[in-house]
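Descriptive structure summary
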Amino acid sequence: IGVGALGSAVAEQLVRADVQKLTLMDGDRLHIGNLTRHTLGLLDLKDNKADAVAKRLNQTVPHCNVNSISEYLPFDFDNLLNQYQVILDCTGEDNVLFKLEKTTWNKPITFISASLGFAAKRLFIYCQKGDEFSTAAFFRFIKPWLERERESYDIEEMPREGIGCWHPVFPARIDDIWMMSGIVIKSIEKFIQSPPKKPTLLVYEQKWKNGCFLGVELVNQE
């Protein structure tokens, strides 16, 4: 859910890592400003992101089956969502999480929410498995980190729906997005192989010293 800069990179890496069945959902269209970090190109401008990325991936890996839903997540998609084993949210939007909470699930689902902090200096990966999604648990984990985001960058008001990685003025480059999206792939693999027994939040941070990049470090696991 959400095929912006982070979502499109994650989708491509999933398919190239041999995930053969994938459905992409996004109601947004590709705009010129998205090209700084998106996997799509000039020929895809004004096309729906989910449709265009699905077409690109089906043309990239011969045995994959990538479908698309060219609209935003509504409240009445219970039947559609229940056919999946893993629900991955890459929107960074709270309203998507509230909709997942209101959905009636007929089996345990692995829920994963991946989002970037300001300038892609931090990556937040939340996972919860069960037959319901709890926004209360999610916000309990993420709230102190949002406070750190505000303190780190001296931003007076920065809601989670603030300028995201899809926006042309978001201060991060495509190498930041692809680096963090690779960590998302590894985390998805881990969560599927060893599902967490309780809600889990992983926080990764870029580390620098004397102007030199040292790598990405896991700074929180709870």
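Since we're looking at a predicted model, the values are computed, not measured. (Residues numbered from 1 in each chain as written. Predicted model: local features only at pLDDT ≥ 70, side-chain atom pairs only at ≥ 80, totals over all residues. Heavy atoms only, no water.)

**Some words on the side chain of threonine 135**
Relative to the helices and strands, threonine 135 resides in helix α5 (residues 135-153). For threonine 135, a relative accessible area of 6% corresponds to the buried category. Within the structure, threonine 135 has its side chain in polar contact with the side chain of glutamate 101 (distance 3.0 Å). (Helix = DSSP H or I, 4+ residues; strand = E, 2+ residues; numbered from the N terminus. Buried < 20%, exposed > 50% of the residue type's maximum accessible area, 1.4 Å probe, protein only. Polar contact = N/O pair within 3.5 Å; in protein donor to acceptor, adjacent residues only side chain to side chain.)

**With respect to the nonpolar core**
A general feature of soluble globular proteins is that nonpolar side chains tend to end up buried together. If you look at the biggest cluster of nonpolar residues, it comprises 40 residues, and the most contacted ones within it are Val10, Leu24, Val66, Leu123 and Ile125. Formed by 25 residues, the second largest nonpolar core is a distinct cluster that contains Ile69, Val96, Leu100 and Leu201. (Core = buried A, V, L, I, M, F, W, Y, C linked by side-chain atoms within 4.5 Å.)

**Side note on the pairing of strand β3 (residues 86-89)**
Put simply, side chains in a regular strand alternate between the two faces of the sheet. In this sheet, strand β4 (residues 109-116) lies alongside β3 in parallel orientation, the contact comprising four bridges. When the sheet's bridge partners are listed, valine 86 is paired in β4 with threonine 110. Crossover connection from β3 via helix α4 (residues 94-102) to parallel β4: handedness right-handed. (Pairing = 2+ DSSP bridges. Right-handed = clockwise from strand over helix to strand, strands pointing away.)

**Some details on the pattern of salt bridges**
Counting across every chain of the model gives eight salt bridges. Between arginine 122 and glutamate 205 there is a salt bridge; the shortest N-O distance is 2.7 Å. In this pair, arginine 122 sits in strand β5 (residues 122-130) while glutamate 205 sits in strand β6 (residues 200-209), placing the two residues 83 residues apart along the sequence. On the basis of relative accessible area, arginine 122 is assigned to the buried category, the value being 9%. Using a relative accessible area of 14% as the deciding quantity, one classes glutamate 205 as buried. Between aspartate 175 and arginine 173 there is a salt bridge, and its shortest N-O distance comes to 2.9 Å. The exposure class assigned to aspartate 175 is partly exposed, which follows from its relative accessible area of 38%. What you see here is one network of salt bridges that share partners, running through Arg122, Glu149, Glu205 and Lys207. (Salt bridge = Lys/Arg side-chain N within 4 Å of Asp/Glu carboxyl O.)

**A closer look at the packing of aromatic side chains**
With the rule as written, the count across this model stands at nine aromatic pairs. Seen from their ring centres, phenylalanine 138 and phenylalanine 139 are 5.2 Å apart, and the 80° between their planes marks the pair as edge-to-face. Taken together, Phe98, Trp105, Phe111, Tyr126, Phe133, Phe138, Phe139 and Phe141 form an aromatic cluster joined through their ring pairs. Sitting over the face of the ring of phenylalanine 141, arginine 140 holds its NZ or CZ atom 5.4 Å from the ring centroid. Lying across the ring of tryptophan 145, arginine 148 places its NZ or CZ 4.1 Å from the centre. (Phe/Tyr/Trp six-rings, centres within 6.5 Å; stacked < 30°, edge-to-face > 60°. Lys NZ or Arg CZ within 6 Å of the ring centre and 35° of its normal.)

**Looking at the layout of surface pockets**
The rolling of a water-molecule-sized probe over the atoms marks out the regions of remaining empty space. In this structure, the largest pocket encloses a volume near 890 Å³. In this structure, the largest pocket is lined by 31 residues; those nearest its centre are Val19, Lys21, Leu22, Thr23 and Val86. Among the secondary structure elements, those contributing two or more residues to the lining of the largest pocket are α1 (5-16), β1 (21-25), β2 (65-69), α3 (78-81), β3 and α6 (174-193). Considering only residue class, the lining of the largest pocket consists of 21 nonpolar, seven polar and three charged. (1 Å grid on protein atoms, 1.4 Å probe; cavity = no way out; pocket = protein on both sides within 12 Å on 5 of 7 lines; lining within 4 Å. Points joined across faces, edges and corners; volume = space filled by probe spheres on them. Nonpolar A, V, L, I, M, F, W, Y, C, P; charged D, E, K, R; others polar.)

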